[in-house]
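Structural overview for review
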Amino acid sequence: MEAAAGGVDDMTKLSYLHEPGVLQNLATRYELNEIYTYTGNILIAVNPFQRLQHLYDSHMMQQYKGAPFGELSPHVFAVADVAYRAMIHEGRSNSILVSGESGAGKTETTKMLMQYLAYLGGRAATEGRTVEQQVLEVRQPVLSHARQL
Ligand SMILES: Nc1ncnc2c1ncn2[C@@H]1O[C@H](COP(=O)(O)OP(=O)(O)OP(=O)(O)O)[C@@H](O)[C@H]1O
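Conventions adopted
- Residues numbered from 1 in each chain as written.
- Predicted model: local features only at pLDDT ≥ 70, side-chain atom pairs only at ≥ 80, totals over all residues.
- Heavy atoms only, no water.
- Salt bridge = Lys/Arg side-chain N within 4 Å of Asp/Glu carboxyl O.
- Buried < 20%, exposed > 50% of the residue type's maximum accessible area, 1.4 Å probe, protein only.
- Helix = DSSP H or I, 4+ residues; strand = E, 2+ residues; numbered from the N terminus.
- Expected span 1.5 Å × (residues − 1).
- Core = buried A, V, L, I, M, F, W, Y, C linked by side-chain atoms within 4.5 Å.
- Contact = heavy atoms within 4.5 Å.

**Topic: the pattern of salt bridges**
Taken as a whole and judged by the stated rule, the model has 6 salt bridges. Linking Arg29 and Glu34 is a salt bridge whose minimum nitrogen-to-oxygen distance equals 3.9 Å. Residue class for Arg29 comes out buried when judged on its relative accessible area of 6%. For Glu34, a relative accessible area of 33% puts it in the partly exposed group.

What follows is the structure in structure tokens.
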């Protein structure tokens, strides 16, 4: 089967799941500024080294809220959304593992995750600050500490 012109959004759709095929697919998508690709329910993010503002605006957050996983384009918000929903439905803590080499974009990705989770968590204000503001205020020390571990 011919490879799709714009690559595939889930590596499990590749005809040949080997390293050259995976790298070529990621490169093809990267050229189109498609920095996110699934491998099943794992999200691969390729560092764009540029601000892709449209990917993270409030419209995107609204779109991903409650959307079935895999229905929309691969995105860090989709991972956060499914993790959040599982936590609510099961009534148990949940976690998201962000892994990669130095400079790969773990900190940026975690910021996006926290921003989206804060958005899902609601905007009720306590002491004059919204939940989102409070989460974003504590994320810097938490992330710095995490990097030191
Ligand atoms: N999604 C993204 N959008 C825009 N720029 C990004 C994105 N991800 C990473 N970057 C850019 O790459 C730089 C390095 O990313 P980041 O600091 O998140 O890497 P890291 O994996 O946390 O590195 P380290 O392990 O060394 O702390 C960022 O400062 C930012 O400029």
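**Some remarks on helix 4 (residues 106-120)**
With 15 residues, helix 4 should cover 21 Å at 1.5 Å per step; its first-to-last C-alpha distance of 21 Å lies within 8% of that length. Within helix 4, the full set of buried residues consists of Thr109, Thr110, Lys111, Met112, Leu113, Met114, Tyr116, Ala118, Tyr119 and Leu120. Gly122 lies just past helix 4 and shows a positive phi near 100 degrees.

**Here's the deal with the nonpolar core**
By size, the foremost hydrophobic cluster in this structure holds 18 residues, and its most contacted members are Leu55, Tyr56, Val76, Phe77 and Tyr116. Those elements giving two or more residues to this core turn out to be strand 1 (36-39), helix 2 (58-64), helix 3 (76-90) and helix 4. Among the elements that line this core, the one with the most residues is helix 4, at 5 residues. If near-sequence neighbours (up to four positions away) are discounted, Leu55 is found in contact with Ile35, Tyr36, Met60, His75 and Phe77.

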